[in-house]
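Listed here are the chains, written in short residue letters.
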Amino acid sequence: MAEAYERFRPGYPVQLVDMVMAYAGQPVQTALEIGAGTGKATRLFAQRGVSVTATEPDGAMLAELGKNVPASVRTAQAAFEDLQPGKKYGLVYAAAALHWTNPEGRWSRMAALLEPGGVFASFGGPIRLADPAVEETVHAARAPFLESDEIPSPDGTPPDHEMQWPGTELQRSEWFTDVQQSVIERRVTMSARDYVGHLSTISAYLVLPALEQEQVFSQIMRVLPETVELVADITVHLARRR
């Protein structure tokens, strides 16, 4: 799926890096990225002169990342839980990847990777069809295979709650303070084919049997207009290591 991730998943705006750097309040020299994927976020931070170490458990993803990031980026094939404490970083961040980590000991592990006063950042969010009529048609097309393609909140926080996950966990953690949540509003236009390509990278579809994947994508493709407008807002959570 690495090539599909790189081709169909939208990148991140420069505004995101500005937000993280402003929160840090001082120059960020080093960063550790958790679950870097194909490096959509990696390249933004590296282009700001941050010395980034990108970690990712999947070798194919790392190979794709290597094609797209500056040579200065260090890489390590490792899951978050396998990272050994030792070197500490000014910033640790996860781009649409934190939900893959093990909740047990998550924040003590995270804190062990950060300098005192260092910053943790998590950002991402679902991509939704902007037109309610198109959304309703797509929902009906996928209903025989999937009720929903969204990832439920890992800690059960309702979608209308003021503070969303992982901010909810960070607020309860003894390791972090000054928890902030912000939203970067974003609209994206894609061709119908690219939108279906994007869906092929979403975990709700990936876990379906191959035949069902083929069927649901065919059904969705059949009901889409030529191009679709998407709501692709990015929710950003920031916290500081005590």
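Predicted, not measured: the structure shown is a model, and the values here were computed from it.

Here we take up unusual backbone geometry. Here the amide bond leading from W165 into P166 is cis, since omega sits at 10 degrees, within 30 degrees of zero. With respect to the secondary-structure elements, P166 resides in the loop between α6 (132–142) and α7 (167–172). Of note, the phi angle at A96 is positive, near 50 degrees, even though the residue is not glycine. Examined against the element boundaries, A96 turns out to sit in the loop between β4 (89–95) and α5 (106–112). Looking at A96, the relative accessible area reads 33%, which means it is partly exposed. With a phi angle near 55 degrees, D178 is a residue other than glycine that sits in the positive phi range. Accessibility expressed as a relative area gives 34% for D178, which makes it partly exposed.

It is worth spelling out the packing of helix α8 (residues 192–199) against helix α10 (residues 210–223) at this point. Two elements in contact, α8 and α10, have axes whose closest approach is 10 Å; the angle formed by their N-to-C orientations is 150 degrees. With respect to α10, the axis of α8 lies roughly antiparallel. With respect to the hand of their crossing, α8 and α10 are arranged in right-handed fashion. Contacts from A192, R193, V196 and L199 in α8 reach F217, I220 and M221 in α10. Tallied by class, residues from the contact of α8 with α10 come to 6 nonpolar, no polar and 1 charged.

Rules used in this analysis
Residues numbered from 1 in each chain as written. Predicted model: local features only at pLDDT ≥ 70, side-chain atom pairs only at ≥ 80, totals over all residues. Heavy atoms only, no water. Helix = DSSP H or I, 4+ residues; strand = E, 2+ residues; numbered from the N terminus. Buried < 20%, exposed > 50% of the residue type's maximum accessible area, 1.4 Å probe, protein only. Axes fitted to C-alpha atoms, helices over the stretch in contact; angles between N-to-C directions. Parallel < 35°, antiparallel > 145°, perpendicular 65-115°, else oblique. Left-handed = near helix turned anticlockwise from the far one by under 90°. Contact = heavy atoms within 4.5 Å. Nonpolar A, V, L, I, M, F, W, Y, C, P; charged D, E, K, R; others polar.

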